[in-house]
Amino acid sequence: MKKYLLGSGSLVFAAALFMACDAGEENGETEEASGDATGDEEVEDEDDAGEEATSANGEAFDIGVVQYADHPSLDAATDGFKDALDDAGLDITYDDQNPNGDMNVLQTIADTFIGNDVDLIFANATPAAQIMSSSTADIPILFTSVTDPEGAQLVDSLDSPGGNVTGTMDLHPDAISQTVELMSEEFDIETIGMIYNAGEQNSEYQVSIAEETADELGMSVQTATVQTSADVQSATESLIGNIDAIYIITDNEVVSGLDAVIGVAESEGLPLFVGELDSVEAGGLAGFGFSYYDIGYKTGEMAADVLVNGEDPATLSVEFPPELELVFNEGAAERMGLDWDEEWETIADNIINE
């Protein structure tokens, strides 16, 4: 909270004038006294302004942090957000919350942030951003790891959000279409199996893009839905026998249960394509992705602009992720029983062996 100092120039002026009149000084002397007082007032005002500026520069802020679930990509985004604010030299107190995918807990977290009158809310993932947005139109909300901000009704448009919410997306415009094209061109995949949480708007949106691209390429998509990460293994197994590959998008529940998908892919000899680089490192065969730390960091820079420079989220455009990178995991290919193709080395930006 800013502290403002009251200027004492007017009191000095009144005292000087009273003393001059009481002593019976000449009119010129009175004017001189008045002039001296005015000069003192200007000095005092300058001192007050300097103290105000110092107070504003040293102001501490309270930020509510809500990360929808635990998995490496979201963790990295939160780290990036905090590092950006630290690099900006801001004094921040964080209230870190994680509902572990529970929407009821998310609402409780929102109510707590509002009750504590935090200066800003950082919402990591679409469900978290949606609950925060529906709960307050006053507190600035900066999101990341959101796939479709317009479809999730978080912003009016990407260029002009129009409310108290803005941030960074975790979907590059070409990521899904390029992944489906990779399956077709390099692996001759005909039927793709996708597992996702139908309760997540971002997942519905990604699946629709995959289905549209697959249809254009003469491929098909078979889907299985989950409600929690505990459902992931059985949902994946339900697709076996009807698919040629598995494609896991950036669905929070499924990525939280990614180990189960990897286990099925390895035991069934199915190539597993993923939507984020952390999932490639965890055991996916290949994926187009980017650094979630980077999009979190960008969101932190935007938050600093809001807190320090008074930027309005309504006019801060939503940011896209950086340029895509195609990464292959050679170790995963071996565990899935795939013969390594040297062609993959020519098209990959990076190859790891995890």
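Check the entry above for the structure.
Residues numbered from 1 in each chain as written. Predicted model: local features only at pLDDT ≥ 70, side-chain atom pairs only at ≥ 80, totals over all residues. Heavy atoms only, no water.

## Describing empty space enclosed by the protein
What counts, and what does not: A 1.4 Å probe that fits but cannot get out identifies a cavity on a 1 Å grid over protein atoms alone, an open set with protein on both sides within 12 Å along at least five of seven lines counts as a pocket, and a residue lines either if it has an atom within 4 Å of a point. Grid points are joined across faces, edges and corners, and a volume is the space filled by probe spheres set on the points. Residues are grouped as follows: Ala, Val, Leu, Ile, Met, Phe, Trp, Tyr, Cys and Pro are nonpolar; Asp, Glu, Lys and Arg are charged; every other residue, Gly included, is polar.
Throughout the structure, instances matching the rule amount to 2 cavities of 30 Å³ or more. Quantified by volume, the largest cavity comes out at close to 80 Å³. Its residues assigned to classes, the lining of the largest cavity comprises 8 nonpolar, 3 polar and 1 charged. Considered as a void within the structure, the second largest cavity measures approximately 60 Å³ in volume. Lining the second largest cavity are His71, Leu74, Ser145, Asp170, Asn202, Thr250, Asp251, Asn252, Val255, Glu276 and Tyr292. Grouping the amino acids of the lining of the second largest cavity by side-chain chemistry returns 3 nonpolar, 5 polar and 3 charged.

## Comments concerning helix α3 (residues 72–87)
Note the cut-off: Where helices and strands are cited, they refer to DSSP runs of H or I of at least four residues and of E of at least two residues respectively, numbered from the N terminus. Helices are assigned an expected span. That span is 1.5 Å times one less than the residue count. Only protein chains enter the accessibility calculation, which uses a 1.4 Å probe; a residue is then buried when its area is under 20% of its type maximum, exposed when over 50%, and partly exposed in between.
With 16 residues, α3 extends 22 Å from end C-alpha to end C-alpha; this agrees with the ideal 22 Å at 1.5 Å per step. Buried within α3 we find Ser73, Leu74, Ala76, Ala77, Thr78, Gly80, Phe81, Ala84 and Leu85. Backbone geometry just downstream of α3 places Gly89 in the positive-phi region, at approximately 80 degrees.

## Observations concerning the packing of aromatic side chains
Note the cut-off: Geometry of aromatic contacts follows a simple scheme: Phe, Tyr and Trp rings, the Trp one being its six-membered ring, pair when their centres are within 6.5 Å, and the pair is stacked under 30 degrees between planes, edge-to-face over 60, tilted otherwise. Only lysine NZ and arginine CZ atoms are considered, and such an atom sits over a ring when it is within 6 Å of the ring centre and within 35 degrees of the ring normal.
By the definition in use, this model includes 8 aromatic pairs. Taking 5.2 Å as the distance between ring centres and 15 degrees as the angle between the ring planes, the aromatic pair formed by Phe290 and Tyr292 counts as stacked. Taking relative accessible area as the criterion, Phe290 reaches 7% and is therefore assigned buried. Taken together, the ring pairs connect Phe187, Phe273, Phe328, Trp340 and Trp344 into an aromatic cluster. The aromatic ring of Tyr94 is capped on one face by Lys82, whose charged end is 4.8 Å from the ring centroid.

## Structural notes on the environment of Asp170
Threshold: Only heavy atoms matter for contacts: two residues are in contact if any of them lie within 4.5 Å across the pair. Residues adjacent in sequence count toward polar contacts only when both atoms are side-chain atoms; beyond that, a polar contact is any pair of N or O atoms within 3.5 Å, and within protein one must be able to donate a hydrogen and the other to accept it.
Examined against the element boundaries, Asp170 turns out to sit in the loop between β5 (165–169) and α6 (175–187). Distance from Asp170 to Val146, taken between C-alpha atoms, is 5.5 Å for residues 24 residues apart in sequence. Among residues more than four places away in sequence, those in contact with Asp170 are Ser145, Val146, Thr147, Thr250, Phe290, Tyr292, Ile295 and Pro321. A polar side-chain atom of Asp170 sits 3.0 Å from a polar atom in the side chain of Tyr292.

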